[in-house]
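The lines below spell out each chain.
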Amino acid sequence: MTSFSIVRHGQTDWNLHHRIQGSTDIPLNATGRDEAAAAALRLAGRRWDAIVTSPLVRAAESARIIAAELGLNDPQIVAALTERHHGAIEGLTFTERQLRFPDGVSVPGLETRRDVVDRVLMALAALADGRAGQRVLVLSHGGIIGTLLRHVTAGDRPRHGEFIANGSVHDFRWENNQLLLTHFDATTRSPGDRGEAAVSPVL
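All residue numbers here refer to positions counted from 1 along the written sequence of the relevant chain. Confidence filtering applies because this is a predicted model: local features only for residues at pLDDT of at least 70, side-chain atom pairs given and counted only at 80 or more, and all residues used for totals across whole chains, interfaces and linings. Side-chain metrics rest on all non-hydrogen atoms present in the structure, leaving aside hydrogens and water.

### Concerning helix H5 (residues 113–130)
Here is step 1: The terminal C-alpha atoms of H5, which comprises 18 residues, lie 26 Å apart, in line with the 26 Å expected from a rise of 1.5 Å per residue.
Here is step 2: Those residues of H5 not exposed but buried are Val 116, Val 117, Arg 119, Val 120, Leu 121, Ala 123, Leu 124, Ala 125, Leu 127 and Ala 128. Helix and strand assignments follow DSSP, with helices taken as H or I runs no shorter than four residues and strands as E runs no shorter than two, numbered in order from the N terminus. Working rule for helices: expected span equals 1.5 Å times residues minus one. Three labels apply to residues, based on accessible area from a 1.4 Å probe with only protein chains included: buried if under 20% of the type maximum, exposed if over 50%, partly exposed otherwise in between.

### Brief notes about the pairing of strand S4 (residues 135–140)
Here is step 1: Most of S4 sits inside the fold, with five of its six residues counted as buried.
Here is step 2: When DSSP finds two or more bridges between two strands, those strands count as paired. In the sheet, strand S1 (residues 2–8) pairs with S4 via six bridges, with the strands oriented parallel. Within S4, the position partnered with Ser 5 by the bridge is Leu 137.
Here is step 3: With four bridges joining them, strand S2 (residues 50–53) and S4 adopt parallel strand pairing. For Ala 50, the partnering residue across the bridge sits in S4 and is Val 136.

### A closer look at unusual backbone geometry
Here is step 1: Each neighbour pair has its own omega, and for Arg 157 with Pro 158 the value is 0°, a cis peptide bond.
Here is step 2: Tracing the backbone shows Pro 158 in the loop between helix H6 (142–152) and strand S5 (162–163).
Here is step 3: Positioned with a positive phi, Ala 154 is a non-glycine residue whose angle comes to about 55°.
Here is step 4: For Ala 154, a relative accessible area of 75% corresponds to the exposed category.
Here is step 5: In this structure, Asn 177 is a non-glycine residue whose phi angle is positive, near 65°.

### Overview of the pairing of S1
Moving residue by residue along a regular strand, the side chains alternate between the two faces of the sheet.
Here is step 1: Most of S1 sits out of view: seven of its seven residues are buried.
Here is step 2: Burial of S1 is two-sided: the residues Thr 2, Phe 4, Ile 6 and Arg 8 facing one way and the residues Ser 3, Ser 5 and Val 7 facing the other way are all buried.
Here is step 3: Two strands pair when backbone bridges link them, and S1 and strand S6 (residues 169–175) are joined in this way by six bridges, in the antiparallel orientation. The partner of Ile 6 across the bridge, within S6, is His 170.

### Details of the packing of helix H2 (residues 30–43) against helix H3 (residues 57–70)
Packed helices, taken two at a time, are described by the angle between their axes plus the distance between the axes.
Here is step 1: To define axes, lines are fitted to C-alpha atoms, for helices over the stretch in contact only, and angles between the resulting N-to-C directions are given on a 0 to 180 degree scale. Two elements in contact, H2 and H3, have axes whose closest approach is 9 Å; the angle formed by their N-to-C orientations is 40°. With respect to H3, the element H2 is oriented oblique. Between H2 and H3 the crossing geometry is right-handed. The residues of H3 that touch H2, namely those facing Arg 33, Ala 36, Ala 37, Ala 39, Ala 40 and Leu 43, are Glu 61, Ser 62, Ile 65, Ile 66, Glu 69 and Leu 70.
Here is step 2: Here the nonpolar group is Ala, Val, Leu, Ile, Met, Phe, Trp, Tyr, Cys and Pro; Asp, Glu, Lys and Arg are the charged ones; every other residue, Gly included, is treated as polar. Classifying every residue of the contact of H2 with H3 gives eight nonpolar, one polar and three charged. Should an angle fall under 35 degrees it is called roughly parallel, over 145 degrees roughly antiparallel, and 65 to 115 degrees roughly perpendicular, with every other angle called oblique. Each crossing gets its handedness from the near helix: less than a right angle anticlockwise from the far helix is left-handed, clockwise is right-handed. Any two residues whose heavy atoms approach within 4.5 Å are treated as being in contact.

### Structural notes on the packing of aromatic side chains
Here is step 1: Whether two aromatic rings pair depends on their centres lying within 6.5 Å, for rings of Phe, Tyr and Trp, where Trp uses its six-membered ring; planes under 30 degrees apart make the pair stacked, over 60 edge-to-face, and the rest tilted. Scanning the entire structure with this criterion turns up zero aromatic pairs.
Here is step 2: Above the plane of the ring of Trp 48 lies Arg 135, whose end atom (NZ or CZ) is 5.2 Å from the centre. Whether a charge lies above a ring is judged from NZ of Lys or CZ of Arg, which has to be within 6 Å of the ring centre and within 35 degrees of the ring normal.

### Some remarks on the pattern of salt bridges
Any two side chains of opposite charge can pair, so long as their charged atoms come close to each other.
Here is step 1: For salt bridges, the criterion is a side-chain nitrogen of Lys or Arg within 4 Å of an Asp or Glu carboxyl oxygen. Within the structure shown, the criterion is met by 10 salt bridges.
Here is step 2: Its salt-bridge partner being Arg 119, residue Glu 111 comes within 2.8 Å of it at the nearest N-O pair. Residue Glu 111 shares its accessibility class with Arg 119, and that shared class is buried.
Here is step 3: Ionic pairing is found between Glu 175 and Arg 173, a salt bridge with its closest N-O pair at 2.5 Å.

### Digging into the side chain of Ser 168
Here is step 1: Here Ser 168 lies in the loop between S5 and S6.
Here is step 2: Among the residues examined, Ser 168 registers a relative accessible area of 3% and is labelled buried.

Any link to function would need more than the numbers given here.
See below:
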């Protein structure tokens, strides 16, 4: 068995302004760096054997901050952990996305959730093969975490009103060649809340 704790990167300016990032390489802002440091404090009470990260700068910088705080080696870049590619809607707000590509209208260049699941599970399987019995920190993205959650819970999580916050930590284990959820670090929002909760699952 290999344990994976998958951490969402800290905030970026596009998160702040509710823009869809996808594979666009947007850096952390000051709040995001603080969120990465805060995540490291919450992770400090556990043993970690390694840290890996998406190549996108918002995840990689979050990983470096966490690795430094926890005394870990430099993060290993794993290309398959990059955010879901959102094609023509990258850079748009959700309002702009709905105007240009209403529900049911295909988005050029949008990666399917099935393709996301396939590439990320393949990457985690490879890591598990080389790190049996270890605990691995994984820095990735809201879209990746949300897609994995839907896959392993048959669509039960995230539930209505739950979102994947920047700096949140979600625990999984790889056992018998499958990924199992052990803890979903859900954040909930109140009805009518128009804050980041409305956009976090797919940025």
